[in-house]
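What the coordinates show
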Amino acid sequence: MNKALQYFGDIKEDVGILAKKIWNHPELALEETYAAGLYREYLEAQGFRVTTVEGLSTALVAEYGSGHPIVGVLGEYDALPGLSQKVSARQEPTEEGEVGHGCGHNLLGAAAAVACVAVKKSMEVSGIAGTVRFYGCPAEEIGKGKAIMNDQGVFDDMDACLTWHPGPWNTVTASRLSALMRSEFFFHGVGAHAGAHPELGRSALDAVELMNVGANYLREHIPMGTRLHYIITNGGQVVNTVPEDASVQYVVRAPRSNVVQDVFERLKKVAEGAAMMTETEVRFEVQSNYYDTKNNSVLEDLMHEVYQECGEIQFSQDEKDLAEELVKTLPESHYKNNRAVYDTEEGIYLDSLPRPILGRGESFGASSDIGIVTYKVPTMQCSATCFPLGVPLHSWQATASAGSDFGVRGATHMAKVLARGLERLLTDDTGILEKAKREFLQED
Ligand SMILES: [Zn+2]
């Protein structure tokens, strides 16, 4: 049975329509009213029941069907500050300093939504039992959306969840994303004239600097693969005043959440030590806390088969030319590094073939708020080629790619793969969902 793909032909143009509308109307995390409204309207018109999520006005859950199995796809749609860019191979903001889709979430949500619609049509015609769901997940870039949605229990009853991200390859991505905690430490001291009476001052900036020194010594004694990074968010206002207030923002990353928690506890001690040394006070705020991702090889293997069935992405010559021009704006090492992963032929900039599963058994330094979902239900991550080899996420080249025809072509292919994958899960009679659940319940 291959019904979802049969119906996909009727709606495949919708991927580009939705993705380009959202690309032309980029919105920051928690402000995605246009995108959320667009998906609500589109999915309601296609016969989905759409509900909102308490505490998060730009989130939504759209479903069709009833009962188990319940399969879902995650869609994101937030953009990034300062990454406005035209579809062009030179840096040319649409509006200087404005928001842009430098992570391709306009494509991400569109492919997910259209995949659900294709499956719904197949379920309707063939009488397939179960439920298909699109999750509209806001605020990925600040790590807030899925945690709030999870608190409302919206993921609890799913049997399997598929999620994808635009990337430079067309494949299942099985590497384990890192856990992350982002926090900010605020020091408060005593201001004083820096020339006349420095002995009366207690510098909050000194405390920040001593905390950073302490954190840099801490690095030697934390588990392998842990990363610490920081920026000074307030270093004082004027040089002839001892800073009364200063602050520093930290990110701790590690392959597992428990390691992040342990290192964070130690970082707090470093902050307290710095406060004691400088006779200042310190308080902290945890701004985001991501789980690492728990992968599911049963779902990954199934989706790997689907990628093979769906074949190569057929990019046009114009699309390949633009991709090449974009790559040429970056240091050559970017292209070389990406090309080396699958030994892509020199001179190919859009890697179109279905590739072997990427990164199984490996950890990856980046993080995402999908981590919390992967600890709730069996979840699989994958990708389609929407960016040329070497184009980094969160760059102007990525914004240009996300608005381009090759970006849409990659996302359209992804919608097809997701539709087929969801349909396989709903119609499977070989116990895949049970096997995926068994693996999910194992300790790792
Ligand atoms: Zn992203």
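Nothing here was measured: the structure is a model prediction, and the numbers come from that model. (Residues numbered from 1 in each chain as written. Predicted model: local features only at pLDDT ≥ 70, side-chain atom pairs only at ≥ 80, totals over all residues. Heavy atoms only, no water.)

The topology assignment puts asparagine 296 in the loop between β13 (281-290) and α8 (297-310). Classification of asparagine 296 by relative accessible area gives buried; the value is 1%. At a separation of 3.2 Å, a polar atom in the side chain of asparagine 296 contacts the main-chain amide nitrogen of leucine 299. In this structure, asparagine 296 is in contact with Pro378, Thr379, Ala436, Glu439 and Phe440, ignoring residues within four places of it in sequence. (Helix = DSSP H or I, 4+ residues; strand = E, 2+ residues; numbered from the N terminus. Buried < 20%, exposed > 50% of the residue type's maximum accessible area, 1.4 Å probe, protein only. Polar contact = N/O pair within 3.5 Å; in protein donor to acceptor, adjacent residues only side chain to side chain. Contact = heavy atoms within 4.5 Å.)

Across the interface, helix α1 (residues 3-11) lies against helix α13 (residues 405-427) with an axial gap of 8 Å and an inter-helix angle of 145°. The two elements α1 and α13 cross, and the hand of that crossing is right-handed. The residues of α13 that touch α1, namely those facing Lys3, Ala4, Leu5 and Phe8, are Thr412, Ala415, Lys416, Ala419, Arg420 and Glu423. The class makeup of the residues in the contact of α1 with α13 is five nonpolar, one polar and four charged. (Axes fitted to C-alpha atoms, helices over the stretch in contact; angles between N-to-C directions. Left-handed = near helix turned anticlockwise from the far one by under 90°. Nonpolar A, V, L, I, M, F, W, Y, C, P; charged D, E, K, R; others polar.)

Note on placement: alanine 415 falls in helix α13. Those residues within four positions of alanine 415 in sequence are excluded, and the remaining contacts are Phe8, Val15, Ala111 and Ala115.

With that out of the way, let us pick up the packing of aromatic side chains. In this structure the tally under the stated criterion is twelve aromatic pairs. With 6.1 Å between their ring centres and 90° between their planes, phenylalanine 185 and tyrosine 250 make a pair best called edge-to-face. Of this pair, phenylalanine 185 sits in strand β8 (residues 179-188) while tyrosine 250 sits in strand β12 (residues 245-254), placing them 65 residues apart in sequence. Here a set of aromatic residues connected by ring pairs shows up, and it is made of Phe185, Tyr230, Tyr250, Phe264 and Phe284. Above the ring of phenylalanine 186, the side-chain terminus of arginine 283 is found at 4.3 Å from the ring centroid. Lying over the aromatic face of phenylalanine 440, lysine 294 brings its terminal NZ or CZ to 5.1 Å of the ring centre. (Phe/Tyr/Trp six-rings, centres within 6.5 Å; stacked < 30°, edge-to-face > 60°. Lys NZ or Arg CZ within 6 Å of the ring centre and 35° of its normal.)

It is at 10 Å that the axes of helix α2 (residues 13-23) and helix α3 (residues 33-45) come closest, and there the two elements cross at 155°. The orientation of α2 relative to α3 falls into the category roughly antiparallel. The two elements α2 and α3 cross, and the hand of that crossing is right-handed. For the pair α2 and α3, the contacting residues are Asp14, Leu18, Lys21 and Ile22 in the first and Tyr34, Ala35, Leu38, Tyr39 and Tyr42 in the second. A breakdown of the residues in the contact of α2 with α3 according to their chemical character gives seven nonpolar, no polar and two charged. (Parallel < 35°, antiparallel > 145°, perpendicular 65-115°, else oblique.)

Among the nonpolar cores identified, the biggest contains 70 residues, and Tyr39, Leu43, Val132, Phe134, Trp164, Met414 and Leu425 are the most heavily contacted of them. At 13 residues, helix α4 (residues 105-126) tops the list of elements feeding residues into this core. Excluding residues that lie within four positions of it along the chain, methionine 414 makes contacts with Ala111, Trp164, Tyr307, Cys382, Ser383 and Ala384. Phe264, Ala271, Ala274 and Ala275 belong to the second largest nonpolar core, which has 25 residues in total. (Core = buried A, V, L, I, M, F, W, Y, C linked by side-chain atoms within 4.5 Å.)

A volume near 1,500 Å³ is recorded for the largest pocket. Around the largest pocket, the lining is made up of 50 residues, and of these Leu177, Phe364, Ala366, Ser367 and Leu393 lie nearest the centre. Every element with two or more residues in the lining of the largest pocket is listed here: β5 (160-167), β8, β10 (227-234), β12, α10 (332-342), β14 (363-364) and β15 (379-385). Ranked by the residues each element gives to the lining of the largest pocket, the list is headed by β5, at five residues. Taken together, the residues of the lining of the largest pocket sort by class into 26 nonpolar, 18 polar and six charged. Each of domain 1 (3-177 + 292-441) and domain 2 (179-290) accounts for three or more of the residues forming the lining of the largest pocket. (1 Å grid on protein atoms, 1.4 Å probe; cavity = no way out; pocket = protein on both sides within 12 Å on 5 of 7 lines; lining within 4 Å. Points joined across faces, edges and corners; volume = space filled by probe spheres on them. Domains from an automatic or database assignment.)

Per the domain assignment, the segments making up the chain are domain 1 (3-177 + 292-441) and domain 2 (179-290). Computed from C-alpha coordinates alone, the two centres of domain 1 and domain 2 are separated by 37 Å. Both sides together, the interface formed by domain 1 and domain 2 hides about 860 Å², and carbon and sulfur atoms give 42% of it. If you look at where domain 1 meets domain 2, you find zero salt bridges. (Buried area = accessible area lost by both parts, 1.4 Å probe. Salt bridge = Lys/Arg side-chain N within 4 Å of Asp/Glu carboxyl O.)

Surrounding the zinc ion are the protein donor atoms Cys103 (SG), His105 (NE2) and His165 (NE2), which sit 2.1 to 2.3 Å from the metal. Sequence spacing of the donors to the zinc ion: C-x1-H-x59-H. Placement of the pair is histidine 105 in helix α4 and histidine 165 in strand β5, with a sequence separation of 60 residues. Exposure remark for histidine 105: the relative accessible area of 0% places this residue in the buried category. Overall, the relative accessible area of 24% leaves histidine 165 in the partly exposed class. (Donors = N, O, S within 2.8 Å, 3.2 Å for Na, K, Ca; no water.)

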